[in-house]
Amino acid sequence: MGVSVPQRLGHSAVFSQPAGPPVPRVLLPPGDRAETSGAERTLFSVFLPEFPRCKFSGRDHFQILGFIAKGSYGPILKVRDIFKDKTFAVKVLAKSEILKHGVVKQSKEEVIIQRQLKHPFIHNLQDCWQTQHHLFIMCDYCCLGDLHTCWLLKGQFGEREVRLFAAELGSALGFLHDIGIIHRDVKMENILLNDQGHLRLSDFGLSRRLNRGGRAFTICGTIQYMAPEVLGGGPYNHAADWWSLGIMLFSLVTGEFPVPAELDHNSMLNKVKDFPYVLPKSCSSALISLLTELLCKNPANRLRNVERFRMQAFFHGSSFDALILQRAPVDVILELRAHPDWAAKARRGLSLDYVDNFDCDQILYSPTKASTDPSPTVANVDLSPATEQTCEA
């Protein structure tokens, strides 16, 4: 259950696999080549300069290969850059929805933050742009989906795997906090997996810039992962992300969330205040010590920086060097990807009817006949990227 004030731009990371081979589509709608009116030019300017305005060269730049996820304001698409012969994920955001929900600032802040982030365990932004009716955010494509799908299939992970996940994600959080950013939605669904099974922290739709010593008050995030100070309406700071990491590690190693989700943040806060967060005795004392420090209800006493995190006995003899951490593939993740139930688990929250009857017209500039291909694709959506020759800020 997600709770957000303001409403979030990100998606729930519900991944689905195309049922058939990808069908290439030409991605150049005639409507976006026409001269724009004054009102349309004003609409463009609302999203400048973070989303450059594109003029279209007429080249077939992208092919849409399939449907990855259902986002809050549009689909997440798997696309291939024809010229680079590389696959990306593109978040499509309808301008009408962004304006209706009053999240223009939030949409711009998301890409401002992501442009700063170059880290081995953070999902990289590749490009962003706008057309007449849509915003586009293009990131690397992570072919193994998200950690939550793997957790649903595996049930519980061993401490060896949890140690690797913790080191990679802890490194990402330390980097974010050092440059003055709080994520505010650390959860398994937002942990993507590259082709070797290593983690990439994603979805910065709720992130904000917050310097050391700064305070935030917005109640936002995903309710099962929210720190008590966030549930209570603040003030809170970067320590809230470390609580969310603790909830995630607790769930990975035990196979269940410590506290089931409640319908509202007040009820959740009451449950969190009373829950002892005691791990099974089968867990090592080093892991129990780490999670006890992460899940300290008083943020002033909580483990809340990467230096203290690395010093934990749980990581004794382990390296935090990104090259060493990524030296070998994560076999347990690669094995799960071949699980016969992977596609079904990855579709959680997304009915087959939505996939099979995906309404292409919702993101088209000109009405077209809906696709009857069993593989959900989107035709005639302009995805021309920002280039010096074809775009203007």
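Quick note: structure is the one above.
Residues numbered from 1 in each chain as written. Predicted model: local features only at pLDDT ≥ 70, side-chain atom pairs only at ≥ 80, totals over all residues. Heavy atoms only, no water.

A. Region of the structure containing the overall build of the chain. A count of helical and extended segments in the chain gives 14 helices and 13 strands. Here the chain holds 393 residues, and 55% of them are scored as buried. Long-range contacts, defined as pairs at least 24 residues apart, comprise 72% of the intrachain contacts of the chain with a sequence gap of at least 6. Roughly 16700 Å² of accessible area belongs to the chain as shown, and the carbon and sulfur atoms make up 52% of that amount. (Helix = DSSP H or I, 4+ residues; strand = E, 2+ residues; numbered from the N terminus. Buried < 20%, exposed > 50% of the residue type's maximum accessible area, 1.4 Å probe, protein only. Contact = heavy atoms within 4.5 Å. Areas by Shrake-Rupley, 256 points an atom, 1.4 Å probe, with all protein chains shown as cover.)

B. Structural context of the pattern of salt bridges. As enumerated under the stated definition, the model contains 10 salt bridges in all. The salt bridge involving E262 is made with K271; its shortest N-O contact spans 2.5 Å. The salt bridge partner of E293 is R308, with a shortest N-O separation of 2.5 Å. Highlighted residues: E293 in helix α9 (residues 285-294) and R308 in helix α10 (residues 306-310), separated in sequence by 15 residues. (Salt bridge = Lys/Arg side-chain N within 4 Å of Asp/Glu carboxyl O.)

C. Main features of the side chain of R200. Inspection of the secondary structure assignment puts R200 in strand β10 (residues 199-201). Within the buried core, R200 has no salt-bridge partner, and the shortest N-O distance to an opposite charge, that of E168, equals 5.5 Å. At a separation of 3.1 Å, a polar atom in the side chain of R200 contacts the side chain of Q326. Once you skip the residues sitting within four places of it in the chain, R200 turns out to touch P120, F121, I122, H123, C142, N190, I191, L192, N194 and Q326. (Lys, Arg positive; Asp, Glu negative; His and termini not counted. Polar contact = N/O pair within 3.5 Å; in protein donor to acceptor, adjacent residues only side chain to side chain.)

D. Geometry of the layout of surface pockets. Taken as a whole, the largest pocket encloses approximately 440 Å³ of empty space. Lining of the largest pocket is provided by 17 residues; of these, R160, L164, L325, A328 and P329 occupy positions nearest its centre. Elements supplying a minimum of two residues to the lining of the largest pocket: α5 (159-178), α11 (322-325) and α12 (331-337). Residue contributions to the lining of the largest pocket peak at 6 residues, all from α5. Broken down by class, the residue content of the lining of the largest pocket amounts to 9 nonpolar, 3 polar and 5 charged. (1 Å grid on protein atoms, 1.4 Å probe; cavity = no way out; pocket = protein on both sides within 12 Å on 5 of 7 lines; lining within 4 Å. Points joined across faces, edges and corners; volume = space filled by probe spheres on them. Nonpolar A, V, L, I, M, F, W, Y, C, P; charged D, E, K, R; others polar.)

E. Focus on the nonpolar core. Ranked by size, the top nonpolar core spans 78 residues in total, and within it F157, M248, L249, L252, F309 and I333 carry the most contacts. Per element, the largest residue contribution to this core is 10 residues, and it comes from helix α7 (residues 239-254). Leaving out residues up to four positions away in the same chain, L252 has contacts with L147, W151, G155, Q156, F157, V162, F165 and M188. Core analysis: the next-biggest nonpolar cluster, separate from the first, contains 13 residues, F47, I98, L135 and C139 among them. (Core = buried A, V, L, I, M, F, W, Y, C linked by side-chain atoms within 4.5 Å.)

F. Region of the structure containing the packing of α5 against α7. One can describe the packing of α5 onto α7 by two numbers: an axis separation of 11 Å at closest approach and a directional angle of 165 degrees. The orientation of α5 with respect to α7, classified from their angle, is roughly antiparallel. Note that α5 runs across α7; the crossing there is right-handed. Contacts between α5 and α7 involve E159, V162, F165, A166, L169, G170, L173, G174 and H177 from the former and D241, W242, L245, M248, L249, L252 and V253 from the latter. For the contact of α5 with α7, the per-class residue count stands at 11 nonpolar, 3 polar and 2 charged. (Axes fitted to C-alpha atoms, helices over the stretch in contact; angles between N-to-C directions. Parallel < 35°, antiparallel > 145°, perpendicular 65-115°, else oblique. Left-handed = near helix turned anticlockwise from the far one by under 90°.)

G. Expanded view of the packing of aromatic side chains. Here the structure, examined in full by the defined rule, presents 12 aromatic pairs. Relative to Y277, the ring of W243 lies with its centre 5.3 Å away and its plane at 80 degrees, an arrangement referred to as edge-to-face. With a gap of 34 residues between them, W243 in helix α7 and Y277 in the loop between α8 (265-274) and α9 connect regions that are remote in the sequence. Of the two residues, W243 and Y277, both sit in the buried class. With 4.9 Å between their ring centres and 55 degrees between their planes, F309 and F315 make a pair best called tilted. According to the relative accessible area criterion, F309 is buried, its value standing at 0%. The ring of F44 is capped by K95, whose NZ or CZ atom sits 4.2 Å from the centre of that ring. Above the ring of W342, the side-chain terminus of R337 is found at 4.0 Å from the ring centroid. (Phe/Tyr/Trp six-rings, centres within 6.5 Å; stacked < 30°, edge-to-face > 60°. Lys NZ or Arg CZ within 6 Å of the ring centre and 35° of its normal.)

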